[in-house]
Amino acid sequence: MTRAKKIKSEPQLTAEWTLPAAATLGSSVRAKGILLETRARMPKAMAKALDVRAGTLVLGMAESEAAAFRAASAIIAQALVGIESLPVIPREIEDILTIKTSERHRWLKDGRLPSAGTRTVKLRGRARKITFHVFDPLVVEELLDSDRLDAWREQDAETSRENRRRAAWNRKLARAEKSGKIAPADGDTAERVQLVGWEEFAREGLLR
């Protein structure tokens, strides 16, 4: 029998830590992130013995590694203290709130989605580092329990419709100017309003 098979057949020491809902926010992606954060605090030889299953961290080691098992258990228990306040990273907030990357970028840029700061990490196996915004889990939980995301999407849809109307009107103006029906943009205002539909454009509020 090989050494690998002997180790596998050894009795196992196991311990479990159920992650609180306030920490995972109902997201398996967030649970995986907590796993990775916890593993990062453990010696590499121990880290792979820790896994996550259905929102529960599970440590499994052979009985012959009892001392290492106790040490790993202590590290994990300490790492989970205050885990609910662990900042939420981009892929986690997208999963928790069921939002698109484009929505996260847009709402972050215009201030609707507040940043809790930035984090810089080195990509595995590469020299390059990346910096990204992280989010306060309390803010994320509040958004999860509110209807603000739907309101934001409706607001974005209206903005998109208005932008399309403006673009269409600008194209219409450009064609009219090119055909000589009205003066160029820096010409006499009185000449410009001769364009059919200008009054309707003003009534829609697109001049404000």
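Look a little higher up for the structure.
Residues numbered from 1 in each chain as written. Predicted model: local features only at pLDDT ≥ 70, side-chain atom pairs only at ≥ 80, totals over all residues. Heavy atoms only, no water.

Peer 1: Would you take a moment to explain the overall build of the protein chain for this structure?
Peer 2: Each helix and strand counted, the protein chain has 11 helices and five strands in total. The burial tally for the protein chain puts 33% of its 208 residues in the buried class. Across the protein chain, contacts joining residues at least 24 apart in sequence account for 57% of those joining residues at least 6 apart. Summing over all exposed atoms, the protein chain offers an accessible surface of approximately 13500 Å²; the carbon and sulfur share of this is 52%. (Helix = DSSP H or I, 4+ residues; strand = E, 2+ residues; numbered from the N terminus. Buried < 20%, exposed > 50% of the residue type's maximum accessible area, 1.4 Å probe, protein only. Contact = heavy atoms within 4.5 Å. Areas by Shrake-Rupley, 256 points an atom, 1.4 Å probe, with all protein chains shown as cover.)

Peer 1: Mind showing me how you'd approach the pairing of strand S3 (residues 56-62) here?
Peer 2: On a regular strand, one side chain projects to one face of the sheet and the next to the other, so that they alternate. Most of S3 sits inside the fold, with six of its seven residues counted as buried. In terms of strand pairing, strand S1 (residues 12-18) meets S3 through seven bridges, oriented antiparallel. Counterpart to Ala-15 in the pairing with S3 is Leu-59. Pairing between strand S2 (residues 50-53) and S3: four bridges, direction antiparallel. (Pairing = 2+ DSSP bridges.)

Peer 1: Hey, could you run me through the packing of helix H3 (residues 28-39) against helix H6 (residues 90-97) in this one?
Peer 2: For any two helices packed against each other, one specifies the crossing angle of their axes together with the interaxial distance. At a minimum axis distance of 8 Å, the contact between H3 and H6 shows a crossing angle of 150°. As judged from the angle between their axes, H3 and H6 are roughly antiparallel. On the side of H3, the interface is formed by Ser-28, Val-29, Arg-30, Gly-33 and Leu-36, while H6 contributes Arg-91, Glu-92, Asp-95 and Ile-96. For the contact of H3 with H6, a count of residues per class yields three nonpolar, two polar and four charged. (Axes fitted to C-alpha atoms, helices over the stretch in contact; angles between N-to-C directions. Parallel < 35°, antiparallel > 145°, perpendicular 65-115°, else oblique. Nonpolar A, V, L, I, M, F, W, Y, C, P; charged D, E, K, R; others polar.)

Peer 1: Explain the layout of surface pockets to me, please; I cannot follow it from the model alone.
Peer 2: In this approach a probe as big as a water molecule rolls over the atoms, and the regions it shows empty are the leftover space. Its boundaries defined by the atoms lining it, the largest pocket holds a volume of some 810 Å³. Along its surface, the largest pocket is lined by 21 residues, and Leu-36, Glu-37, Ala-40, Lys-122 and Arg-124 are the ones closest to its centre. Broken down by element, the lining of the largest pocket gets its largest block of residues, five residues, from H3. (1 Å grid on protein atoms, 1.4 Å probe; cavity = no way out; pocket = protein on both sides within 12 Å on 5 of 7 lines; lining within 4 Å. Points joined across faces, edges and corners; volume = space filled by probe spheres on them.)

Peer 1: Sorry if this is basic, but what is going on with helix H7 (residues 101-109) here?
Peer 2: Because each turn of an α-helix spans 3.6 residues, side chains separated by three or four positions in sequence point in the same direction. When H7 is considered as a whole, its buried residues turn out to be Glu-103, Arg-104, Trp-107 and Leu-108. Buried positions in H7, seen along its axis, are confined to an arc of 125° and lie on one side of it. Contacts made by the buried residues of H7 are with H6, strand S5 (129-133) and helix H9 (148-179). Immediately downstream of H7, the backbone of Gly-111 shows phi near 90°, a positive value. (Arc of directions from axis to C-beta.)

Peer 1: I'm lost on the packing of H7 against H9 in this one. Help?
Peer 2: With their axes 12 Å apart at the nearest point, H7 and H9 run at an angle of 85° to one another. Judged on the interaxial angle alone, H9 and H7 are roughly perpendicular. The segment H7 lies against H9, with Glu-103, Arg-106 and Trp-107 engaging Leu-149, Trp-152, Arg-153 and Asp-156. Grouping the amino acids of the contact of H7 with H9 by side-chain chemistry returns three nonpolar, no polar and four charged.

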